[in-house]
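Report on the structure
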Amino acid sequence: AQRVTQPEKLLSVFKGAPVELKCNYSYSGSPELFWYVQYSRQRLQLLLRHISRESIKGFTADLNKGETSFHLKKPFAQEEDSAMYYCALRSGGGADGLTFGKGTHLIIQP
Amino acid sequence: GAVVSQHPSWVICKSGTSVKIECRSLDFQATTMFWYRQFPKQSLMLMATSNEGSKATYEQGVEKDKFLINHASLTLSTLTVTSAHPEDSSFYICSASGRTGGYNEQFFGPGTRLTVL
């Protein structure tokens, strides 16, 4: 069975400090990994996907198959980064639903 | 960007009644739509995958007779919670699958909060 683990329910950092939100997964095949973000009172939206290897809003995430991790990083946190972040996994093919982690609430203090 | 709407945004019903939730893709056609459930302070849990013109595929542990899904067109999927009970109270979120930048992406609706009294 596939599983996504986000060990931190809450992460609080100061503005300008580096941020790392941890995500580990369990899946027997080759998964697709995503990070979704949910700002206050807004819907879930895609932040980035591992396959495109992009940087969005200063965030990056590298898939480490050896450690089965997909940690989200940003070198300098901004107040507008405060939100709920979900790591998600999808089996290859694109036709399947997502398996989500429990989410990490990121709070950026001024 | 692609927009997905849900209606209603919240609903309160009496125990034993049925409630229908609509999920629409407003500016794109979605062959596949997904229904998730989110309990308070917990993550989203996939309930079922809905393909246009065919029966939905339910995740293990999800009662298909309890949660009826219909995907009659490329822009509309409905979830009906039949004979609702207080334990069905939850936040129900749909997503629709579309392609952006060459990738399949899920676009999420705003969710529907169901409270069963």
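Before reading on, note that the structure itself is shown above.
Everything in this summary refers to the structure shown in the same document. (Residues numbered from 1 in each chain as written. Chains lettered and ligands numbered in written order. Predicted model: local features only at pLDDT ≥ 70, side-chain atom pairs only at ≥ 80, totals over all residues. Heavy atoms only, no water.)

Our next topic: the overall build of chain B. Helix and strand content of chain B: zero helices and eleven strands. Listing each helix as α and each strand as β along chain B from the N terminus yields β-β-β-β-β-β-β-β-β-β-β. The C-alpha atoms of chain B give 14 Å as radius of gyration, which agrees with the globular expectation for 117 residues (13 Å, within 12%). Expressed as lengths along the three principal axes of its C-alpha atoms, the size of chain B is roughly 45 × 30 × 25 Å. For chain B, with 117 residues in total, the buried portion stands at 50%. Counting contacts in chain B only where the partners sit at least 6 residues apart, residues at least 24 apart contribute 55% of the total. Accessible surface, chain B: about 5800 Å² in total, of which carbon and sulfur atoms supply 52%. Each charge sign in chain B was given a centre, from 10 positive and 9 negative side chains, and these centres are 4 Å apart. (Helix = DSSP H or I, 4+ residues; strand = E, 2+ residues; numbered from the N terminus. Rg over C-alpha atoms; globule rule 2.2 N^0.38 Å. Buried < 20%, exposed > 50% of the residue type's maximum accessible area, 1.4 Å probe, protein only. Contact = heavy atoms within 4.5 Å. Areas by Shrake-Rupley, 256 points an atom, 1.4 Å probe, with all protein chains shown as cover. Lys, Arg positive; Asp, Glu negative; His and termini not counted. Charge placed at Lys NZ, Arg CZ, Asp CG, Glu CD.)

It is worth spelling out the sheet that holds strand 8 (residues 72–74) of chain A at this point. Residues and elements named next belong to chain A. If you walk across this open sheet you meet the three strands as 3-8-7, and the pairing is antiparallel. The open sheet has two edge strands, strand 3 (19–21) and strand 7 (60–61), and neither has a second partner. The sheet contact formed by strand 7 and strand 8 spans two bridges and is antiparallel. Pairing of T60 across the sheet is with K73, part of strand 8. (Pairing = 2+ DSSP bridges.)

What follows concerns the sheet that holds strand 7 (residues 67–73) of chain B. All names here are of chain B. Spatially, the four strands line up as an open sheet ordered 1-3-8-7, and their pairing is antiparallel. Of all the strands in the sheet, the pair left with one neighbour each is strand 1 (4–7) and strand 7. Between one strand axis and the next, the sheet turns through 15° on average, direction left out of account. Alignment of strand 7 against strand 8 (residues 76–81), held across five bridges, turns out to be antiparallel. Note that in strand 8 the partner of N70 across the bridge is T78. (Axes fitted to C-alpha atoms, helices over the stretch in contact; angles between N-to-C directions.)

It is worth spelling out the side chain of T104(A) at this point. In this structure, T104(A) sits in strand 11 (residues 104–109). Of the polar contacts made by the side chain of T104(A), one reaches the backbone oxygen of E8(A); its length is 2.6 Å. (Polar contact = N/O pair within 3.5 Å; in protein donor to acceptor, adjacent residues only side chain to side chain.)

With a probe scaled to a water molecule rolled over the atoms, the places where space remains empty come into view. All told, the structure shown has one cavity of 30 Å³ or more when counted by the stated rule. Of the volumes computed, that of the largest cavity is approximately 40 Å³. Here the residues of the lining of the largest cavity sort into five nonpolar, three polar and one charged. (1 Å grid on protein atoms, 1.4 Å probe; cavity = no way out; pocket = protein on both sides within 12 Å on 5 of 7 lines; lining within 4 Å. Points joined across faces, edges and corners; volume = space filled by probe spheres on them. Nonpolar A, V, L, I, M, F, W, Y, C, P; charged D, E, K, R; others polar.)

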